[in-house]
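# Breakdown of the fold
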2 protein chains.
Amino acid sequence: MNAPLPSHILGAVRPVPAPMLQALQQHFGDRCSTATAVREQHGRDESTYPITPPEVVVFCESTDDVVVVLKLADEHAVPVIPFGVGSSLEGHTLAVQGGVCIDLARMNQVVRLNPEDLTVTVQAGVTREQVNREIRDSGLFFPIDPGANASIGGMSATRASGTNAVRYGTMRENVLGLTVVTAGGEVIRTGTRAKKSAAGYDLTRLFIGSEGTLGVMTEITLKLYPLPEAVSAAICQFPSIDAAVRTTIQIIQMGVPIARCELLDANAVRAVNTHSHLSLQEAPMLLMEFHGSEAGVKEQAETVQDIAREFGGTDFQWATTPEERTKLWTARHKAYFAALQTRPGCRCQSTDTCVPISHLAESINESIAEAETAGIPYWIVGHVGDGNFHLSYLLDPNDPAEAAAVERLSTLMVERALRLEGTCTGEHGIGLHKMPYLVEEAGAGAVDLMKNIKRALDPKNIMNPGKVVAV
Amino acid sequence: MNAPLPSHILGAVRPVPAPMLQALQQHFGDRCSTATAVREQHGRDESTYPITPPEVVVFCESTDDVVVVLKLADEHAVPVIPFGVGSSLEGHTLAVQGGVCIDLARMNQVVRLNPEDLTVTVQAGVTREQVNREIRDSGLFFPIDPGANASIGGMSATRASGTNAVRYGTMRENVLGLTVVTAGGEVIRTGTRAKKSAAGYDLTRLFIGSEGTLGVMTEITLKLYPLPEAVSAAICQFPSIDAAVRTTIQIIQMGVPIARCELLDANAVRAVNTHSHLSLQEAPMLLMEFHGSEAGVKEQAETVQDIAREFGGTDFQWATTPEERTKLWTARHKAYFAALQTRPGCRCQSTDTCVPISHLAESINESIAEAETAGIPYWIVGHVGDGNFHLSYLLDPNDPAEAAAVERLSTLMVERALRLEGTCTGEHGIGLHKMPYLVEEAGAGAVDLMKNIKRALDPKNIMNPGKVVAV
């Protein structure tokens, strides 16, 4: 059993009329599919919602292909859902009003690398691992790492971030410009390859995080960074979440340019110990990475070690070679699967609040207390340098009472995050699941303004309708 | 004589009807003025346009005051122009359709400092120097420095940046959230105090850079940074612009976290020598600043010195004490007034293109050649680490032929920047002057989309009408 679709979803299914289907079949040939398996594959994401398939899936290979779909969709007022690799977490890609899914995975070309400018332009279907593979010889890299090997289009659409954001920022800071097909089927370009601009409204940032509801991004120009001369990693264990978080706060306040600063709670460490036959102390742990010159990373690691010690940090280990670093990060990389195995048959539902860092310990500790009281197993990883953490519940998919309990816990977490001047989503986005949270967070006035923008850019409500804001 | 108002300005003056004026007078008392001197003071900025005064000026002291004005303006469809310190450069604050100027200078309170979160919330009229003065004891600072002691509201409205942007980003990256009064007089809040968020459309970034055309920002929450443990400054002289720019490119490509990287051309250096009785070599010069740990800034300065030497850099001087640093930066700080004095009675008109850094030398060199051919005196400073430079013409305000020549040169520069995949404005904004350039840069389709947004958020076109996009 899956979680039911939330009750706030509005709008009936809008069928694809026969002339439109014929036109799609004519243009796309066997790149247009109505096969059940293909539709079902595209009617899901990594959320716990039931499969909600589109009526048609088309596989686009160019911006022009996308224009063809959008012009037809505009003419017939049919919903369109852009789809990357389907790794979103809040129901973003479910076809709640039917329509046409645009699969962008075949738009997988790195269009242009300009190493001297530290920029690269890629098609929307390129994944982040592919970018880094293809530009490796340039001595540059693209740092944003949300965990999944997501597409750059999907990462742009959800304003993704992840482990490196504390140093390098999120997709918001790392996209220079876009090629977008509008709801009316026009191709526009936003931004330039210049590093900054004060030219008019920031359309780039408007599309980043719009979750496919305002247009389809087909090409994205990214900022790149020089591969650091030296990288070192460190782990350290703490007597409490509080101690680990206080260490983090001081690292940030001292301006240590830490590249990654991740928290694992004792549950996550315990799961990894069992899964990977490790013998880490089953206590909260920080995993850190430092980028810079040889001397610089050494200095950073020493500063951080001093801070950690002040807060009772022990078992400080650090590593500079890639092999040793990978070993230290094992716990982080294996946490998800390790946690799933602690409760056979369970599903994982992740939360994503982000708060000002001074409220982080409070936010985590109260969430833990509530989960413990409810008796729902959970584990935590957090991009704590940014005040963002994921408490993930391990729930029995056959127990509706548990699903309801998790939803209640999740709401309590969001309410607390908002009280603490934070946000309901640091990086996963709104999708279907968080639409009521968005209203609570931004207020009805700001959401009305978002709706006005949605109506102005997509007057027929064909772009991924029923997500982010209900119009 | 001043430059004439450009011909693309549309829309007749919309008078303030008597009932509205009475309501304003009643609410604001002597904070509502129709005195010629006050109106003229508010009908200008630092551009060369003629004074274009509003009909009424009101001095707001709170968000509620702004709401009063906007509700009346909405009811009577009267233009409203937000005004900070009037340091904009492209005619942003001219009352081209008359109306009410909202002076925000009295909204000068630092509302809340949260040092543990590295955030501060200020009213829109607070200047950047005031912010740094008031938070000094916290060990934090706000890095964005556009030169003028602009208001934070004005800097947000124009997406300002300046000398520190190469390390710390622009207003786009350093505003967490806003309080905005919409065109209809509603108060909304955008963003939170969390460092990142994926919650809905990025309204914060939509208002940043909107130049008062979508609403009035009344409170702004800023990111702060720890004062660096060590700061060092350096200057270095080069045989050519090319050599200075190539040095810059390599600094950036090597990932040196340089905090400031400014170019002065030989004309600027010559002017400063005369003005301040210095004896710097009259050659292109880089001025740099490094922030970090003691060891870190030393290492950065050494790396940069090695790079500079490769490109023929000479006279490398560096300084670590505040007094020595100030001395080294004299040339940069005095350049504007020094340049003005090289041509008595002249006015200065600045350009602001920004290009991918690999095209920077080409962009500067061709602009110089054109200025030399035209025989118009000029000088250059550049935030070259970002690919942004200001070639400023020194023009005789009594010679219309010279004004026309400068406009022609400016257009050539913009056309070149766009050809080189750059932007017509790195940091000054569009205002009146660059509206045709914006269409050229973004394309009619993207500008149409901006117009749709403008109409959606300001259906009566009362927010600073006639700027950015013509609706």
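Just so it is clear, the structure is predicted and the values come from calculations on it, not from any experiment.

## Regarding the overall build of chain A
- A count of helical and extended segments in chain A gives 16 helices and 18 strands.
- In terms of overall dimensions, chain A has C-alpha extents of about 70 × 55 × 45 Å along its principal axes.
- In chain A, buried positions account for 59% of the 471 residues.
- Residue pairs at least 24 apart in sequence account for 72% of intrachain contacts in chain A once pairs closer than 6 positions are excluded.

## Description of the packing of helix H16 (residues 435-457) of chain A against helix H17 (residues 444-457) of chain B
- Two elements in contact, H16 of chain A and H17 of chain B, have axes whose closest approach is 9 Å; the angle formed by their N-to-C orientations is 140°. Between H16 of chain A and H17 of chain B, the angle falls in the class oblique. By crossing handedness, the relation of H16 of chain A to H17 of chain B is classed as right-handed. Along its contact with H16 of chain A, which presents Leu449, Asn452, Ile453, Arg455, Ala456 and Leu457 of chain A, the element H17 of chain B presents Leu449, Asn452, Ile453, Arg455, Ala456 and Leu457 of chain B.

## Considering the pairing of strand E16 (residues 347-350) of chain A
Residue and element names in this part refer to chain A.
- Burial along E16 is one-sided: Arg347 and Gln349 are buried, and none of Cys348 and Ser350, which face the opposite way, are.
- Bridge count for E16 against strand E18 (residues 388-395) is 4 bridges, and the pairing is antiparallel. Looking at E18, one finds that Ser350 is bridged to Ser392.

## Examining the domain arrangement of chain A
Residue and element names in this part refer to chain A.
- When the domains of chain A are assigned, the result is domain 1 (18-105), domain 2 (110-226) and domain 3 (230-419).
- Computed over C-alpha atoms, the centres of domain 1 and domain 2 are 22 Å apart.
- In this complex, domain 1 contributes 16 residues to the contact, which on the side of domain 2 involves 21 residues.
- Among the elements of the structure, helix H3 (63-76) and strand E3 (80-83) are those that each provide at least two residues to the side of domain 1 that touches domain 2.
- The element that contributes the greatest number of residues to the side of domain 1 that touches domain 2 is H3, accounting for 6 residues.
- Taken together, the residues of the side of domain 1 that touches domain 2 sort by class into 9 nonpolar, 5 polar and 2 charged.

## With respect to the interface of chain A and chain B
- Contacts between the two partners involve 77 residues from chain A and, on the opposite side, 77 residues from chain B.
- For the side of chain A that touches chain B, the secondary structure elements donating two or more residues are helix H7 (171-174), strand E9 (187-191), helix H8 (203-207), strand E11 (225-226), helix H9 (241-253), helix H11 (294-310) and H16 of chain A.
- Examining the composition of the side of chain A that touches chain B, we find that 13 residues originate from one element, H16 of chain A, more than from any other.
- For the side of chain A that touches chain B, the per-class residue count stands at 31 nonpolar, 28 polar and 18 charged.

## Some remarks on the relation of the copies chain A and chain B
- Of the transformation placing chain A onto chain B, the axial shift is 0.0 Å and the rotation is 180°, giving an RMSD of 0.0 Å. Expressed as a symmetry operation, the mapping of one chain copy onto the other fits a two-fold axis.
- Looking at the interface residues of chain A, 99% of them are also at the interface in chain B, so both copies use one shared face.

## A look at the sheet that holds strand E14 (residues 285-292) of chain A
Residue and element names in this part refer to chain A.
- Pairing within the open sheet is antiparallel, and its 7 strands lie in the order E15-E12-E14-E13-E17-E18-E16. Looking along the sheet, the strands with just one partner apiece sit at the ends: strand E15 (314-319) and E16. Strand-to-strand, the axes of this sheet are offset by a mean angle of 15°, without reference to chain direction.
- In this sheet, E14 lies alongside strand E13 (residues 260-264) in antiparallel orientation, the contact comprising 5 bridges. Across the sheet, Arg260 pairs through a bridge with Glu289, a residue of E14.
- Contacts from helix H15 (residues 400-419) reach E16 and E18 within the one sheet, and its direction differs from that of E18 by about 165°.

## Comments concerning the sheet that holds strand E5 (residues 110-114) of chain A
Residue and element names in this part refer to chain A.
- Spatially, the 5 strands line up as an open sheet ordered E5-E6-E10-E8-E9, and their pairing is antiparallel. Strand pairing shows two members of the sheet lacking a second neighbour, E5 and E9, which therefore form its edges. In this sheet, neighbouring strand axes are inclined to one another by 15° on average, regardless of whether the strands run parallel or antiparallel.
- Where E5 and strand E6 (residues 119-123) come together, 4 bridges link them in antiparallel fashion. Bridge pairing in E6 links Leu113 to Val120.

## Describing the nonpolar core
- Counting residues in each nonpolar core, the largest one holds 297 residues, and the members touching the most others are Ile102 of chain A together with Ile102 of chain B.
- The element best represented in this core is H16 of chain A, accounting for 10 residues.
- Among residues more than four places away in sequence, those in contact with Ile102 of chain B are Val58, Cys60, Val66, Val69, Val80, Ile81, Pro82, Phe83 and Val216 of chain B.

## Comments concerning unusual backbone geometry
All names here are of chain B.
- Even without being glycine, Leu118 reaches a positive phi, approximately 60°.
- As for its placement among the helices and strands, Leu118 is situated in the loop between strand E5 (110-114) and strand E6 (119-123).
- Even without being glycine, Asn464 reaches a positive phi, approximately 40°.
- Mapping Asn464 onto the fold places it in the segment after H17.

## Looking at H9 of chain A
All names here are of chain A.
- Taking 1.5 Å per residue, 13 residues should reach 18 Å; H9 reaches 18 Å between its end C-alpha atoms and fits that length.
- Most of H9 sits inside the fold, with 10 of its 13 residues counted as buried.
- Those residues of H9 lying buried are Ile241, Ala243, Ala244, Val245, Arg246, Thr247, Thr248, Ile249, Ile251 and Ile252.
- Buried residues belonging to H9 abut E13, E14, H11 and helix H14 (360-374).
- Among the residues trailing H9, Gly255 stands out with phi positive, at a value near 75°.

## Quick look at H16 of chain A
Residue and element names in this part refer to chain A.
- Taking 1.5 Å per residue, 23 residues should reach 33 Å; H16 reaches only 19 Å between its end C-alpha atoms and comes up short.
- Taken as a whole, H16 carries its principal kink of about 110° at Gly443.
- Every buried residue of H16 is listed here: Met435, Tyr437, Leu438, Glu441, Ala442, Ala446, Val447, Leu449, Met450, Ile453, Lys454 and Leu457.

## Here's the deal with the packing of helix H14 (residues 360-374) of chain B against helix H15 (residues 400-419) of chain B
Residue and element names in this part refer to chain B.
- Where H14 contacts H15, the two axes come as close as 10 Å, and the packing angle between them is 160°. With respect to H15, the axis of H14 lies roughly antiparallel. Helix-helix and strand crossings are classified by hand; for H14 and H15 the assignment is right-handed. Every residue of H15 that contacts H14 at Ser363, Glu366, Ser367, Glu370, Ala371 and Ala374 is listed here: Ala405, Leu409, Leu412, Met413, Arg416 and Ala417.
- In terms of residue class, the contact of H14 with H15 is built from 7 nonpolar, 2 polar and 3 charged.

## Details of the environment of Thr48 of chain B
Residue and element names in this part refer to chain B.
- For Thr48, the location among the structural elements is in the loop between helix H2 (36-41) and strand E2 (56-59).
- Its 19 C-beta neighbours within 10 Å are what place Thr48 among the partly exposed residues.
- A C-alpha to C-alpha distance of 12 Å links Thr48 and Thr93, two positions 45 residues apart in sequence.

## Regarding the pairing of strand E13 (residues 260-264) of chain B
Residues and elements named next belong to chain B.
- Summarising burial for E13: 5 of the 5 residues are buried, a large majority.
- Neither face of E13 is left uncovered, since the one carrying Arg260, Glu262 and Leu264 and the one carrying Cys261 and Leu263 both have all their residues buried.
- Judged from the 2 bridges that link them, E13 and strand E17 (residues 378-383) form a sheet pairing that is antiparallel. Each residue of the ladder has a partner; that of Leu264, found in E17, is Val381.

## Concerning the environment of Pro54 of chain A
Residue and element names in this part refer to chain A.
- Turning to its location among the elements, Pro54 is positioned in the loop between helix H2 (36-41) and strand E2 (56-59).
- Sequence separation of Pro54 and Val38 is 16 residues, and the distance between their C-alpha atoms is 9.4 Å.
- When sequence neighbours within four positions are dropped, the list of residues in contact with Pro54 reads Arg39, His42, Gly43, Ile81, Ala95, Gly98, Gly99, Val100 and Cys101.

## A closer look at the environment of Gly313 of chain B
Residues and elements named next belong to chain B.
- Within the secondary structure, Gly313 is located in the loop between helix H11 (294-310) and strand E15 (314-319).
- Here the alpha-carbon distance between Gly313 and Asp396, two residues 83 residues apart in the chain, equals 35 Å.
- Residues in contact with Gly313, not counting those within four places in the same chain, are Cys236, Gln237, Phe238, Thr247 and Ala308.

The rules behind each value
- Residues numbered from 1 in each chain as written.
- Chains lettered and ligands numbered in written order.
- Predicted model: local features only at pLDDT ≥ 70, side-chain atom pairs only at ≥ 80, totals over all residues.
- Helix = DSSP H or I, 4+ residues; strand = E, 2+ residues; numbered from the N terminus.
- Buried ≥ 20, exposed ≤ 12 C-beta atoms within 10 Å, placed from the backbone.
- Contact = placed C-beta atoms within 7 Å.
- Axes fitted to C-alpha atoms, helices over the stretch in contact; angles between N-to-C directions.
- Parallel < 35°, antiparallel > 145°, perpendicular 65-115°, else oblique.
- Left-handed = near helix turned anticlockwise from the far one by under 90°.
- Pairing = 2+ DSSP bridges.
- Domains from an automatic or database assignment.
- Nonpolar A, V, L, I, M, F, W, Y, C, P; charged D, E, K, R; others polar.
- Least-squares fit on C-alpha atoms with pLDDT ≥ 70 in both.
- Core = buried A, V, L, I, M, F, W, Y, C linked by C-beta atoms within 7 Å.
- Expected span 1.5 Å × (residues − 1).
- Bend = angle between axes of the 7 residues up to and from the residue.

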